[in-house]
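Results of the structural survey
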Amino acid sequence: MAEQQEQQDAAAPNPDDALGYEHARDALLEVVRQLENGGTSLEESLALWERGEQLAKVCQRWLDGARARLDAALAAEEDGAAGDR
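Residues numbered from 1 in each chain as written. Predicted model: local features only at pLDDT ≥ 70, side-chain atom pairs only at ≥ 80, totals over all residues. Heavy atoms only, no water.

**Section: the nonpolar core**
In this structure, L19, A24, A27, V31, L48, L55, V58 and C59 together form the largest nonpolar core, which totals eight residues. Counting residues per element, the ones that place at least two in this core are α2 (21-37) and α3 (42-83). Per element, the largest residue contribution to this core is four residues, and it comes from α3. In contact with L55, not counting residues within four places along its chain, are L19, A24, A27, L28 and V31. (Core = buried A, V, L, I, M, F, W, Y, C linked by side-chain atoms within 4.5 Å. Buried < 20%, exposed > 50% of the residue type's maximum accessible area, 1.4 Å probe, protein only. Helix = DSSP H or I, 4+ residues; strand = E, 2+ residues; numbered from the N terminus. Contact = heavy atoms within 4.5 Å.)

Here it is, written out as structure tokens:
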């Protein structure tokens, strides 16, 4: 039963996936600020932590994509330079 729920969760679209890097980063900073300030219940803190984890994954996907684009551009540049020799 839990496995079925995990499959449904994995298939469900994540609204965070539509966030741009800067928006996700700013939201993550706000979550961190709230956690550092304290004053929240354990349940609220756990919810904030989970939200922070989601936002961190969004940021990491953006950074990984940017790195892949840079690597591809550098490889294309090297290929072009090698062909000029």
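**Considering the pattern of salt bridges**
Within this structure, the stated rule accounts for three salt bridges. The closest approach of N and O atoms between E30 and R33, which form a salt bridge, is 2.3 Å. Here the residue E30 and the residue R33 both occupy positions in helix α2, the gap between them amounting to three residues, near one helical turn. Classification of E30 by relative accessible area gives partly exposed; the value is 32%. The exposure class of R33 is partly exposed, given its relative accessible area of 40%. Between D71 and R67 there is a salt bridge, with the nearest N and O atoms lying 3.4 Å from each other. Here D71 pairs with R67, and both are found in helix α3, just four residues apart, close to one helical turn. Under the relative-accessibility criterion, D71 is labelled partly exposed at 39%. (Salt bridge = Lys/Arg side-chain N within 4 Å of Asp/Glu carboxyl O.)

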